[in-house]
Each structure stands twice: as structure tokens, then as C-alpha cells.
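The lines below spell out each chain.
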There are 2 protein chains.
Amino acid sequence: MATIKDLAKMAGVSVTTVSRVLNNHSYVSEEKRKAVFEAVKASNYDKNINAVHLSKGKTQLIGVVLPFADHPYFALLLKGLAKQALENNYKLVFIQTDYRKEREIEALHMLKQKQIDALIICSRTCEAEVIEEHLPFGPIVLCENNKEIEASSTYVNHYNVFFDALEYLYQKGHKRIGYCIARKFGANSRDRERAYRDFLKKYHLPYDSGCIFDQCLHVEDGEKVVNHIMEMDEPPSALLVTSDQVAAGIVTCCQKRHISIPGDLAIIGFNNEPIAKMMNITTIEIPLVDMGENLFLQAVNDDLSNKEVSVQLIERGTV
Amino acid sequence: MATIKDLAKMAGVSVTTVSRVLNNHSYVSEEKRKAVFEAVKASNYDKNINAVHLSKGKTQLIGVVLPFADHPYFALLLKGLAKQALENNYKLVFIQTDYRKEREIEALHMLKQKQIDALIICSRTCEAEVIEEHLPFGPIVLCENNKEIEASSTYVNHYNVFFDALEYLYQKGHKRIGYCIARKFGANSRDRERAYRDFLKKYHLPYDSGCIFDQCLHVEDGEKVVNHIMEMDEPPSALLVTSDQVAAGIVTCCQKRHISIPGDLAIIGFNNEPIAKMMNITTIEIPLVDMGENLFLQAVNDDLSNKEVSVQLIERGTV
DNA sequence: TTAATGTATGAAACCCGTTTCATATCAAGG
DNA sequence: CCTTGATATGAAACGGGTTTCATACATTAA
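Residues numbered from 1 in each chain as written. Chains lettered and ligands numbered in written order. Predicted model: local features only at pLDDT ≥ 70, side-chain atom pairs only at ≥ 80, totals over all residues. Heavy atoms only, no water.

Novice: It is not clear to me how the packing of aromatic side chains should be interpreted in this structure. Could you clarify?
Specialist: Here the distance between the centres and the angle between the planes together describe a pair of aromatic rings. Residues and elements named next belong to chain A. In the structure shown here, the tally under the stated rule is 27 aromatic pairs over all chains. Ring geometry for Y73 and F74: centres 4.8 Å apart, planes at 85 degrees, overall edge-to-face. Overall, the relative accessible area of 15% leaves Y73 in the buried class. On the basis of relative accessibility, which here comes to 4%, the residue F74 falls in the buried class. With centroids separated by 6.4 Å and ring planes inclined at 85 degrees, the aromatic side chains of F163 and F199 adopt a geometry described as edge-to-face. Linking F163 in helix α8 (residues 158-171) with F199 in helix α9 (residues 187-202), this pair joins segments that are 36 residues apart in sequence. A relative accessible area of 0% means that F199 is categorised as buried. (Phe/Tyr/Trp six-rings, centres within 6.5 Å; stacked < 30°, edge-to-face > 60°. Buried < 20%, exposed > 50% of the residue type's maximum accessible area, 1.4 Å probe, protein only. Helix = DSSP H or I, 4+ residues; strand = E, 2+ residues; numbered from the N terminus.)

Right under this line is the structure:
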């Protein structure tokens, strides 16, 4: 491949002038500009973008950390991220962690190594301190309600959302409510557990860890939950299910087993995924695409901000 | 940030020696090796990876072109890609095209600019010639049955698969069969249309463009299909649906409308997505994660290969 | 004893752009 | 006529690594 030096020789100008032409700087005569463009065409020249990156200290690359993409929650966040990346002339580096710390650290490392200009962590596994250590190397944006870390974030207030949803079910007469989450120890899960405990305390209801189902992510996990519930002495009469995928699985499975919804079991899903509409599942809509877009913008605008997004209960047929 | 020069000064050695230590080359005395490591620790040094990229002419970055990730088909491909990327110490650059040519070209451009070492195109929109033009700049891997382009590929033989599926339905007594696809003009869709026409010819059945539904991607598109079918004078008795998402939408919608499946309408889905199992949908399993893995490996091993993967009909309750 | 080989180290070239700085011309303003 | 500012251009430094080449000493084989 030709280099900028070759172009300079071909066009009979200095490399500086070539660079100026290629970057649309002013103060270049029309004559030389033309000569450079002709050389570009003749040699099928293209920049070695790595030289640009090195020189500028920027890569127009933003890292995105998420456990996996084959779930609507992350796929929709990613969609929003990708949309803004495109509009702002950035590319995304996709870092799939499977919730493994070392992979998240690898992503942080890319920031330190200047391979990416900023890092967006859609779901965190590392300790807060590890994140903080890397803050000097570039913007890190989080998708959680975390005031402890000095970083921008876009998040759902899962404490409030959960509490409100529990209240809603309580008003509908439910006294024994359970919930399904993806993993026990995420930041969001902890907020939800706090809300759950506070709710139980408020109404003097007993806490039963058997009503909390974790590892619930995909449609097929709904079946596990239903199987489990059928074996319980005192099964919950209502379930908060933090993904409509799982909610859909539960509803489908209950149909097979002739468990009436909402009669025997009420369900509130999350995210308002398309399947929730199709299956008439009551759900809490989270504007995931918007959140993705906002996360991206926070990553490139380096002033700190924390944005709480609002969610909406969509009442359908499962409560 | 400290540079390799600073380290050299601190450790009292040359930059060459520092580089050797950092890259684990032999022929460095234990004494100097130690001195360098101490300097690294003391200065919290890390490489500027862009300098490495420029120097080596490689970035350990592989571009992935796909229209969007919020669909199991692409999300699962991506999962396989990400798995192998991790194992082989590469990162993926995620390029969402929404099937827009200019974005695909941008991805090809990244290859020319050496920002990525190879490009994997999961779903192509550009003309073959555009791809071919970029072949000199690095490996391009395709996810389609294309012998015309001199590139590696991993693909499903959609002609055969479609033909076999149509035969299967024909043996079950269906004479009027339709199908749902995502977009009319992809490579896969053309193969399928050929199979469809050949099948009709073989059994002297009439071709009716009204039995072909495109823009079918998500669950909610299933509803559109059902609405359309209900208004047809001669509706198909069976449908090949190239995504279980849509198949699930159709099944759900038919339940609401009291259309019996498979009685009034038989359905064969594609991909064997989890929802197909939950909803007992007959489907053709495509090993998407494996395909993703293979695509990745083809991208980094630069010898050409074309791998046809085999699929499997999973008979369940919708035929 | 000598030639060949292995070990150890550093100077300098190289990868390929961007940017600063110096220099020069020309037109407008005072 | 002189100063100032806009226009135009190029040499060289810079970003920060990797790699080639040259050199030197210590072994080892012949």
C-alpha cells in the first residue's frame, strides 16, 4: 500500500501538504490539492488508520462490556449503542464477558492501553475499586444506580420499580409474592432484594428465600420455575419476573400444565419485549434502546452525569 | 503515562531490551529482566497498543458485519464468534448495518485501513464485486453459499434445506405451501426462491407470489402474516417460516383467532430457538453458535475454505 | 588453536501518520 | 513605505512501540 510519503512524491508536494489535503485543512492551493487527489486515485491510497490512532491518541472506538448478546435486554441496549455509535462516527468493540471478572478486567485494560476511547459496562461483575482504578485512563459509563463510583451512568431505579410493582400486586390481593432474577449478586439484584425486604417488612409478611428464583434468563428457564413452584407447599400467588423471556416461558408452561394465569399465578414481566405483547403479558416497560443511546452519549461527552430513566407498567392479562 | 523509553531509562537498559522483556523474548539476563519489571511496576506502565498495531500491522481486531443483534439468529452467531474471539485473543468490532450498503462498505473500508485484521459478513447487502475489490486487503468471510466470491464461508445450503422441507410438507399432504422470509433480496432468499420454484415445478403446482411473505423477522411479524392469510381466498395450508420468532408469533396469534395448528395451518420454523421448544414448534435446527465459531476461525486462518453445515428437522407439534 | 554457535545488548531504522514551527509571498491598512 | 494578517508550503519533531543489524563475549565442537 502506498503511504503518505509516496503520495507526496507523486504529487510533487510535501507530506505536510498531503496531510492537509486529506484532512481538509485550509491554506492549500487548488492546484496542489488536485495533484494530491490524483495521486490518491492513481495509487488507490488509504490511510493506515493505526498511524492516525497513534498520532492522535484516539481510536474512535468505544468498548462495550456485556455478558452475552443473545438476550433481548442486552441486544436492545446494544441496538441503541450501535445507533448512536453510527451517528457519531464511532465503532463499538464488543466484549462478551459471560459475567467473568477477568474478561471485564481485560476490557478495562483496553482502556488503559488506549485501544478504546471509553468503556461502557452494561452489566458489571468487578468490584467498584477495580473500576475506580481505571477511571484515570478514560471515561467509564455504567448501567446501574451507583453513586459510589465517580462515573456517568444511565440506570433504572430498580429499588423503586420493584417496590412499586410489589405494592401493585399487594393492592390486587397478593400476599405471597416471589420473584425471578438473572443472577443473585449484581447491583440491580441487590437493589431489588432491598426493595423486596422493605416491602415485606412494611406489610409484616414473612421472608422466604424459596420464593426467589435466580438464574432466570431465557424462555426455557420459565419451565424450571414452574416445575419448582409446583413442588412448593406454599407456592407464591404472584411473581415478578425480570425478563419477559422468562415470563413468556412461565406462561407457556402454565398453559400446558393447566395452571391458570392470573387465577393461580399472577405474572409481571419486565422490558416489554415483543413477546410480552404477543402473549398479553403484563410487564414493566424499560426503554432499553434509549438507555443504550444515552449510555453511548455519556461515553463520548466526558462530563459526568447520572440519568435515571423512567419505566412504565403496562397492564395486560397476566395480573 | 510512561513510555518504553522511560522504562529504559529507569531500568538502565536500552529500549530494545525493554521490548524484549515485555514480549518475552529470550537472550535477556535475569538481572535486567528484573530491573525492567520493577520499572514497569513503579511507573504503572502499560503499552500504548496503537503503537504496537502500527508497528506490527495487525490489530487483533476482527470486524463483524450484521444488520442488528436483537434477533436470535444473529445473536447466536455473535455468541459463537465472541467465544472463539476470546479463546484466540481477538476482539470483535461490532458493525451494525441495518442492511444499509454504505455501512457495509464502511466495514470493508476498515479492512483497507488496517483497523481490523479480517472481516466477517454475517449477512451481505453489497454486490459481490464490492466485496471482491476488498479481498486484497485482508480475509473476508461470508455466511452464505457463494462460490462466486473467492472467500471463505460457512453456510447452510438453503436450497436443499428448503427443498427438503417442502417435500416433507408435500408428503404430509400439503399442496399449497407458502413461506416467510426476512428480506427478498438476500443471497439466502434467492436460494430459497429457487428451491420453491423447482419444487412447484416438480409437482406441477401453481406459483403464487401471495404465498411469500417477506419482512418477517420478529414475533410481532407473525401477527401480520396471520392477518394477511385470513384475508386470502386460497390461503396456504402450510408455511415455512425462516425464524422461530415469527413462527412463535404465528402460533400465538392463531391460538387467539382459533385457527387450529396444524389442522388449519401447518408450520415449520427455523433455527430451533428456545421458544420453539417451549411452544412445541416443528423446526429446522441450525447450529448457529457453531457456525459463528467456524466463521471466526476461518477469519483468522487465512487459507480458503467453504464449509456447509448440516441442519436437522426437529419434529414437534406444528405439522 | 580456531571456527562456529549461543548468549546478551544497544543503536538506529521502521511503521505512517499529525502537528508544530519556520519561512515566504501577497494584499490590505495606516 | 512599512506593518500586519491572511495565504501557502515544507522540514522536522512527535506519537510509542518492534525489528533489523552490528557488536561482543562466552562456549563448544573440530
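Novice: Looking at this structure, how should I read the interface of chain A and chain B?
Specialist: Interface size is commonly expressed as the accessible surface area that is lost when the partners come together. If you look at the interface, chain A gives 49 residues, while chain B gives 51 residues. Between chain A and chain B, the buried area comes to about 4,700 Å², and carbon and sulfur atoms account for 61% of it. Ranking the residues of chain A by area buried against chain B places A:N50, A:K91 and A:M278 at the top, with a combined share of 15%. Where chain A packs against chain B, one counts six salt bridges. Between A:D70 and B:K79 there is a salt bridge, and its shortest N-O distance comes to 3.0 Å. Between chain A and chain B we count 16 residue pairs in polar contact (both at pLDDT 80 or more) in total. Listing elements by their share of the side of chain A that touches chain B, those giving two or more residues are α4 (49-56), α5 (72-87), β2 (91-96), α6 (101-112), α10 (219-230), α11 (244-257) and α12 (274-278) of chain A. For the side of chain A that touches chain B, the element with the highest residue contribution is α5(A), accounting for seven residues. Of the residues that constitute the side of chain A that touches chain B, the class distribution is 24 nonpolar, 12 polar and 13 charged. (Contact = heavy atoms within 4.5 Å. Buried area = accessible area lost by both parts, 1.4 Å probe. Salt bridge = Lys/Arg side-chain N within 4 Å of Asp/Glu carboxyl O. Polar contact = N/O pair within 3.5 Å; in protein donor to acceptor, adjacent residues only side chain to side chain. Nonpolar A, V, L, I, M, F, W, Y, C, P; charged D, E, K, R; others polar.)

Novice: Sorry, what's going on with the sheet that holds strand β8 (residues 238-241) of chain B here?
Specialist: The pairing of strands in a sheet comes from backbone hydrogen bonds and takes either a parallel or an antiparallel form. Residues and elements named next belong to chain B. Reading across from one edge, β7-β6-β8-β9-β10-β12 is the order of the six strands in this open sheet, with mixed pairing throughout. With one partner strand each, in any of the chains shown, β7 (212-213) and β12 (312-314) form the two edges of the open sheet. With respect to the sheet, helix α9 (residues 187-202) is in contact with β6 (177-180) and β7, its orientation differing from that of β6 by roughly 180 degrees. In the packing of helix α11 (residues 244-257) onto the sheet, contacts are made with β6, β8, β9 (266-270) and β10 (283-285), and the angle to β9 comes to roughly 155 degrees. (Pairing = 2+ DSSP bridges. Axes fitted to C-alpha atoms, helices over the stretch in contact; angles between N-to-C directions.)

Novice: Looking at this structure, how should I read the environment of A:G292?
Specialist: All names here are of chain A. With respect to the helices and strands, G292 occurs in helix α13 (residues 288-300). A residue is classified by how much of its surface remains accessible, and G292, at 0% relative accessible area, is buried. Distance in space between the C-alpha atoms of G292 and A151 is 16 Å, their sequence separation being 141 residues. If we ignore the near neighbours within four places in the chain, the residues touching G292 are L77, G80 and L81.

Novice: Help me understand the relation of the copies chain A and chain B in this model?
Specialist: Mapping between the two chain copies consists of a rotation about an axis together with a translation along that axis. With an RMSD of 0.1 Å, the fit of chain A onto chain B corresponds to turning through 180 degrees and sliding 0.0 Å along the axis. Such a turn and shift between the copies fits a two-fold axis. Minimal C-alpha separation from the rotation axis in chain A is found for A:V93, amounting to 2.2 Å. When you check the interface residues of chain A against chain B, 100% turn up at the interface there too, and the contact is symmetric in its surfaces. (Least-squares fit on C-alpha atoms with pLDDT ≥ 70 in both.)

Novice: Which parts of the structure should I look at to understand the nonpolar core?
Specialist: Nonpolar side chains in soluble globular proteins tend to end up buried together. If you look at the biggest cluster of nonpolar residues, it comprises 162 residues, and the most contacted ones within it are A:L92, A:L239, A:I250, B:L92, B:L239 and B:I250. For B:L239, the residues in contact, after removing those within four places along its chain, are B:G178, B:Y179, B:C180, B:F213, B:V225, B:I229, B:I250, B:L265, B:A266, B:I267 and B:I268. By size, the runner-up hydrophobic cluster in this structure holds 38 residues, among which are A:C126, B:A128, B:V130 and B:I149. (Core = buried A, V, L, I, M, F, W, Y, C linked by side-chain atoms within 4.5 Å.)

Novice: Quick question: what am I supposed to make of the sheet that holds strand β6 (residues 177-180) of chain A here?
Specialist: Residues and elements named next belong to chain A. Read across the sheet, six strands follow the order β7-β6-β8-β9-β10-β12 without closing on themselves; strand pairing throughout is mixed. This sheet does not close on itself; its edge strands, each paired only once, are β7 (212-213) and β12 (312-314). Relative to β7, β6 runs parallel, the two sharing two bridges. Bridged to Y179 within β7 is I212. Sheet strands in contact with α11 are β6, β8 (238-241), β9 (266-270) and β10 (283-285), and its direction is about 155 degrees off that of β9.

Interpretation in functional terms is not warranted from these geometric data alone.
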